[in-house]
Amino acid sequence: MEIVKSGVRDQLDVLRLREQFPVLSREVHGKPLVYLDNAATAQRPLAVIEAMDRFYREYNANVHRGVHQLSVEASEAFEASREAVRRLLNANSEREIVFTRGTTEAINLVANSFLRPNLRPGDEILVSHMEHHSNIVPWQILCEQTGAVLKVMPINQRGELMLDEVESMISERTRLIGIVHVSNALGTVNPVAELCALAKRHEVPVLVDGAQATPHEKVDVQALGCDFYALSAHKMYGPTGIGALWGREELLEAMPPWQGGGEMISRVSFEGSTWNELPHKFEAGTPNIAGAIGLGAAVKWLEDVGVARIAEHEAKLLEYATERMLEVDGLTIIGQAANKGPVVSFTLDGVHPNDLGTIIDHHGVAIRTGHHCAMPVMQFFGVPATARVSFACYNLRAEIDVFLDALEKARTMLT
Amino acid sequence: MVLDQLYQQTILEHNRNPRNYGKLAGATHAARGHDALCGDDILVELIVENGCILEAAFSGEACAVTKASASMLTEWLTGREASDIAAWSDQFHALLKDCTLPDTPELADLNQLRAVSRFPARVRNALLPWTTTLRALQKP
């Protein structure tokens, strides 16, 4: 996709890339939209919108069912998207890619199909203190029902995982480690490969919540050495309501189905049923076909633009924003890990995040305020809520300036 | 602009200098109001005697809208019949939902919070002190 490369040093031509995102040209409260809530959900490029539109207009049909032409085309596009996700993660086989509603459902699938059947009272599950609720609550529910115990891997004041503490927490009862790849609340990029190596020495499987990682870095599940990897399309320029679980084939093979219904069976009779092969065993019912096609288009779009180029651009935005924000009186950045994704969580003395969010929205700036679905991490830092800016490939330095101006106006108004 | 209607002088002034802010010695009724999503966390305390609210106070951390609402409400509650508050709360809620209704004079300054009707995401903040007060009254 030549149009997004500028002539200089193979950098992103961000202004031309922005033209691919229709929503970015709108105004909010009479001001140009400055969208800095990308960690909540990114915007969609035309490539994704049009791929989904084309499905509905030209070959809408159910998948893996009919012999007719439309169903064949829909099935091919659906499976091509699975192959795209396999490439995205550098997985061994498409059999290892299960479509889900998103990261949350992928984690719940692992909780219920992988862990639940073998979990005994006193068994242990480890998660970090910086997890999103989606990587806490499924395990809590499981622990309540089975008598297993959820243990918390500590973080330091900069918001980094204290890896040195983890080894002593692993026991012969540890059944799984759950870790967020990139924290949505703090931006911390966790040392997942090191953690997986450590876990492997103790033969403990690792599930990685990759929701915030896939749009910002090249993920290689084989290099990471994890056992499960969960992602959501809408964080990486794809549609909502679709995501994927990658799991090692031998683990998925041994797991019982999670939900029963059509598609996931091989043969059904009232005497008993047998299960379809991977990955269909885990995909009961008519799937989100348009969503999967949109996810495939998003992966293709990321490949065309280049995740490495995006990462380089976002790292510069993060550096600039951090530098400027540290100059703001009374502003505290929550989460100052050495290795961060393009996320800055912060508090501003005398201004509640809620009021800040409302006021700067009226300057056209969209940010997230609140607990970011990570209440334990808010408790760790002793704040009820934070405000958060998060960047994507289409953001500009000038937008960070607009945000900082709006921040000053909010402060003037409220203090 | 619309923003100035929400963050008008009266509301900003109540946010900066909230009335009845702090713990209430001898409270007969209390409840905590927590809005995890926004981070608001307040405690409403009341002294009720013979069905009459003699004193009201609030404490905790909250945004400007919640704080101003709690500040105005605790002033307004003083001297009111406890049994009337649920009906007043419904009336206040109705005013926030429908900006075509005329102000309710008996609610005094609280009418000024009606600007939140233009900010649907913030209505919950204006209501939190009311729902907290109702829960406090339910459990002595």
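Before reading further, recall that the structure is shown in the block above.
Okay, so let's go over this structure. (Residues numbered from 1 in each chain as written. Chains lettered and ligands numbered in written order. Predicted model: local features only at pLDDT ≥ 70, side-chain atom pairs only at ≥ 80, totals over all residues.)

1. Topic: the overall build of chain B
Stage number 1. Within chain B, the secondary structure is distributed over five helices and three strands.
Stage number 2. When the elements of chain B are put in sequence order from the N terminus, they spell out α-α-β-β-β-α-α-α.
Stage number 3. For 140 residues, the compact-globule estimate of 2.2 N^0.38 gives 14 Å, and chain B sits close to it at 14 Å.
Stage number 4. Residues counted as buried form 42% of the 140 residues belonging to chain B.
Stage number 5. Considering only contacts in chain B between residues 6 or more positions apart, those separated by 24 or more positions represent 64%. (Helix = DSSP H or I, 4+ residues; strand = E, 2+ residues; numbered from the N terminus. Rg over C-alpha atoms; globule rule 2.2 N^0.38 Å. Buried ≥ 20, exposed ≤ 12 C-beta atoms within 10 Å, placed from the backbone. Contact = placed C-beta atoms within 7 Å.)

2. Points about the packing of helix α3 (residues 64–77) of chain B against helix α5 (residues 123–138) of chain B
Residue and element names in this part refer to chain B.
Stage number 1. Where α3 contacts α5, the two axes come as close as 7 Å, and the packing angle between them is 40°. As judged from the angle between their axes, α3 and α5 are oblique. Pair α3 / α5 crosses with right-handed handedness. The residues of α5 that touch α3, namely those facing Val65, Thr66, Ser69, Ala70, Leu73 and Leu77, are Asn125, Ala126, Leu128, Pro129, Trp130 and Thr133.
Stage number 2. Classifying every residue of the contact of α3 with α5 gives eight nonpolar, four polar and no charged. (Axes fitted to C-alpha atoms, helices over the stretch in contact; angles between N-to-C directions. Parallel < 35°, antiparallel > 145°, perpendicular 65-115°, else oblique. Left-handed = near helix turned anticlockwise from the far one by under 90°. Nonpolar A, V, L, I, M, F, W, Y, C, P; charged D, E, K, R; others polar.)

3. Quick word on the sheet that holds strand β16 (residues 368–370) of chain A
Residue and element names in this part refer to chain A.
Stage number 1. As summarised here, the arrangement of the four strands in space is β13-β14-β17-β16, forming an open sheet in which the pairing is antiparallel. With partners counted over all chains shown, the strands left at the sheet margins are β13 (331–334) and β16, one partner each. This sheet shows a mean twist of 30° between the axes of neighbouring strands, independent of strand direction.
Stage number 2. Here β13 pairs with strand β14 (residues 343–348) via four bridges, running antiparallel. In the strand pairing of β14, leucine 331 is matched with leucine 348.
Stage number 3. Sheet contacts for helix α12 (residues 353–361): β14, β16 and β17 (386–390); angle to β16, the most-contacted strand, approximately 155°. (Pairing = 2+ DSSP bridges.)

4. A short note on the interface of chain A and chain B
Often the size quoted for an interface is simply the accessible area lost on bringing the parts together.
Stage number 1. Taken together, the contacts link 14 residues of chain A with 16 residues of chain B.
Stage number 2. Elements with a minimum of two residues in the side of chain A that touches chain B: α12 and α14 (397–414) of chain A.
Stage number 3. The leading source of residues in the side of chain A that touches chain B is α12(A), at five residues.
Stage number 4. For the side of chain A that touches chain B, the residue count by class is seven nonpolar, six polar and one charged.

5. Regarding the sheet that holds strand β1 (residues 29–35) of chain B
Residue and element names in this part refer to chain B.
Stage number 1. The three strands are arranged β1-β2-β3 in an open sheet whose pairing can be described as antiparallel. Sheet topology places β1 and β3 (52–61) at the edges, where each strand pairs with a single neighbour. Between one strand axis and the next, the sheet turns through 15° on average, direction left out of account.
Stage number 2. Here seven bridges tie β1 to strand β2 (residues 40–49), and the two strands are oriented antiparallel to one another. Across the sheet, alanine 30 pairs through a bridge with glutamate 45, a residue of β2.
Stage number 3. Sheet strands touched by α5: β1, β2 and β3. Its angle to β1, the strand with the most contacts, is close to 150°.

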